[in-house]
Structure formats: structure tokens, C-alpha cells
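This is what each chain is made of:
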Amino acid sequence: MAEVNQNPASLAQRRPLSPHLQIYRPMLTMMMSITHRITGAALYVGTLLLAWYLIAAAGDAKSFAAAQSFFGSWFGRIILFGYTLALFIHLLGGVRHAIWDSGRGFDAKSREFLAQATLIGGVALTVVVWIFAYIAR
Amino acid sequence: MANESSSLRTPMGRVRHLGSAKSGTHHAWMMRVTSMALIPLTILFVCILISLVGADPVSARATLGSTGVAVVMLLFILAGVYHMQLGMQTIIEDYIHGHNAKTWAILLNLAFSAVIGLACVYAVLKLSFV
């Protein structure tokens, strides 16, 4: 190919560049893509909470009381609220990926809608669950 | 070799006998399978947790040990741990490029997932049978 015979200077000018995250203007679709990975990683760490709770429940009365009082404290509730939020945003993000896997929702309008639905739906489901939790209490 | 010019394998890959293991899509496929399973399981898991809010220790243990709840919890734990192991491996492969560091991170991820999974399963089974 003729392209190969370019001189080095012009090749360096013309070489393909791969701009990374900080180059792009933040957009909702991109932020929700990153959020999917961050919430996934957060839920990974969050399994420690589930393991602690279940092991404490299977253990003696003292260990279960300690776990229950932690999750009932204001700090524990903030952690659990964050866990719930991460869970629902990641869940809806997964549904979004399933829709894409089916070959639908790739146009600009659908992408924007799915990103908004993931965020708003995730927050809404979290609030609904916590309202139910307080009623159940 | 007769088809050297048409082969997509690199000379180094050929020397190391690196070839298709016929399992290239397994990771991506199991990610989807577990994610589908986790949609209903997560909803049921959250419902179980809501029912445990404010419960006294005795009734909380009885709920966790009842058959239906325990089966849902076990399915959620198994699908969830498999799913998170796959997801974290993707994150590791994306961001850790050194061969040794990457291999160790993948092994630690497997170990963490196995320990969390087995600990949760053991606890649920103990609550079911004690």
C-alpha cells in the first residue's frame, strides 16, 4: 500500500489517537456505563456484609445481636442504603444490557432513555424499598 | 507450513501451542445466564431482607432457616457469587496488565468469591438444619 511509504514525521502526525475518559465531555450514557462497573465493584465488597449477617445469624446470640445492632445503627443504615442503591442501579443496568443483547435500543434516543431509566428507576426502587422497610419495622 | 500466510496465529502463539480452547464465549455467556437468574432472585432477596427488618433474633433465624427462604438465599448466593467473580475478573483484565499481578489478582478474586460463597451457603444450611 502507498500509505506505508509516508515519512516518519507525517506518520506521527497522522497516527490514530485513542483519547481516554478525561478528553470526552461527560454524558449521561457514559456516566451510567461507568456507574454500572462501580456499583458492581461495590456490590462485590458488599457481599462481606451479607456473609457477616448470615454467619452471625448462624452463630451465637451475642454475635447476631452485634450484627443486628450494627445494621440498625445510623451508620449501618447509610451503608445499607448505599448497598440498596447500588443493587437496584446495577440490576436495572443489567436489564439495559439485556435489551442491548437482544439487538434493540441502540439509537441515540433509546440510549438516552435507557440511561435515564436506569438512574431514575434505581433511585425510585431504592426509596420504595426503604419506605416498605420502615413500614415493616 | 502450507497455510502460514493465511493463519491468524502469531509465530509466538504457535511456538507456545496457544490456540483456541473452544471456550471463548463461556465467560460472556455465563455472565448473561447468571444476570438473568439474578433479576428475579434479587427481587426475592430484597423482599426477604425487608421481612427481616426489626425482627427479633429468634424469628429472624426461623425465617432464614425456613425452606423457601433458604432455597432462594442459596440460589441468590450461588448465582451472585458466580456473577461477581466473572465481573471482577473482567475489571482485573481491563486494568491490571502485568502478567504476574494479573494472574495473582485473578486467583485472589477466585479465592475471595469461593470463601464468601461457601461461608454464606454454610451459614444458610446451618440455619436450616439446626
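As a further point, take the overall build of chain B. Summing up its helical and strand segments, chain B has 5 helices and 0 strands in all. Along its sequence from the N terminus, chain B presents helices and strands in the succession α-α-α-α-α. Expressed as lengths along the three principal axes of its C-alpha atoms, the size of chain B is roughly 75 × 25 × 25 Å. For chain B, buried positions account for 19% of its 130 residues. Here the contacts in chain B between residues at least 6 apart in sequence split such that 71% fall between residues at least 24 apart.

For chain A, the helix and strand inventory stands at 5 helices and 0 strands. The order of α-helices and β-strands along chain A, N terminus first, is α-α-α-α-α. Within chain A, the proportion of its 137 residues that are buried is 26%. For chain A, the share of sequence-separated contacts (at least 6 apart) that also reach a separation of at least 24 residues comes to 70%.

This paragraph deals with the environment of Val129(A). Tracing the sequence through the fold places Val129(A) in helix H5 (residues 108-136). In sequence terms Val129(A) and Thr84(A) are 45 residues apart; their C-alpha atoms lie 8.3 Å from each other.

Every contact between the two is made by 27 residues of chain A and, on the other side, 24 residues of chain B. Of all the secondary structure elements, the ones that give two or more residues to the side of chain A that touches chain B are helix H2 (28-58), helix H3 (61-72), helix H4 (74-101) and H5 of chain A. Tallied by class, the residues present in the side of chain A that touches chain B amount to 20 nonpolar, 4 polar and 3 charged.

Next up on the list: the environment of Trp130(A). All names here are of chain A. On the secondary structure map, Trp 130 appears in helix H5. C-beta crowding within 10 Å serves as the criterion here: with 17 such atoms nearby, Trp 130 is assigned to the partly exposed category. Considering only alpha carbons, one finds Trp 130 and Ala 67, 63 residues apart in sequence, at a separation of 19 Å.

Here H2(A) spans 43 Å end to end across 31 residues, near enough to the 45 Å set by a 1.5 Å rise per residue. Where H2(A) bends most, at Val45(A), the angle is about 30°.

Residues Leu54(A), Ala57(A), Cys120(B), Ala123(B) and Val124(B) are the most contacted members of the largest nonpolar core, which totals 34 residues. Mapped by element, the contributors of at least two residues to this core are H2, H4 and H5 of chain A together with helix H2 (26-52), helix H4 (67-95) and helix H5 (99-129) of chain B. Sort the elements by how many residues they give to this core and H2(A) lands first, with 9 residues. Leave out the neighbours within four places in its chain, and Leu54(A) touches Cys120(B), Ala123(B) and Val124(B).

Turning our attention to the confidence of the model for chain B. Mean pLDDT over chain B works out to 91, with 95% of the residues at or above the 70 mark. Under the prediction, the complex receives an ipTM of 0.85, its pTM being 0.86.

Residue and element names in this part refer to chain B. It is at 8 Å that the axes of H2 and H4 come closest, and there the two elements cross at 140°. Taken as axis vectors, H2 and H4 run oblique relative to one another. At the point where H2 passes H4, the crossing takes the left-handed sense. Side by side, H2 and H4 meet where His 27, Met 30, Met 31, Thr 34, Ser 35, Ala 37, Leu 38, Leu 41, Leu 44, Phe 45 and Ile 48 of the first sit next to Val 69, Val 72, Met 73, Leu 75, Phe 76, Ala 79, Gly 80, Tyr 82, His 83 and Leu 86 of the second. Among the residues forming the contact of H2 with H4, the class breakdown is 16 nonpolar, 5 polar and no charged.

So, on to the environment of Leu87(A). All names here are of chain A. Positionally, Leu 87 belongs in helix H4. The class of Leu 87 is buried, set by 22 C-beta atoms lying within 10 Å. Sequence-wise, Leu 87 and Thr 39 are 48 residues apart; in three dimensions their C-alpha atoms are separated by 7.2 Å.

Calculation rules
- Residues numbered from 1 in each chain as written.
- Chains lettered and ligands numbered in written order.
- Predicted model: local features only at pLDDT ≥ 70, side-chain atom pairs only at ≥ 80, totals over all residues.
- Helix = DSSP H or I, 4+ residues; strand = E, 2+ residues; numbered from the N terminus.
- Buried ≥ 20, exposed ≤ 12 C-beta atoms within 10 Å, placed from the backbone.
- Contact = placed C-beta atoms within 7 Å.
- Nonpolar A, V, L, I, M, F, W, Y, C, P; charged D, E, K, R; others polar.
- Expected span 1.5 Å × (residues − 1).
- Bend = angle between axes of the 7 residues up to and from the residue.
- Core = buried A, V, L, I, M, F, W, Y, C linked by C-beta atoms within 7 Å.
- pLDDT = per-residue confidence, 0-100.
- Axes fitted to C-alpha atoms, helices over the stretch in contact; angles between N-to-C directions.
- Parallel < 35°, antiparallel > 145°, perpendicular 65-115°, else oblique.
- Left-handed = near helix turned anticlockwise from the far one by under 90°.

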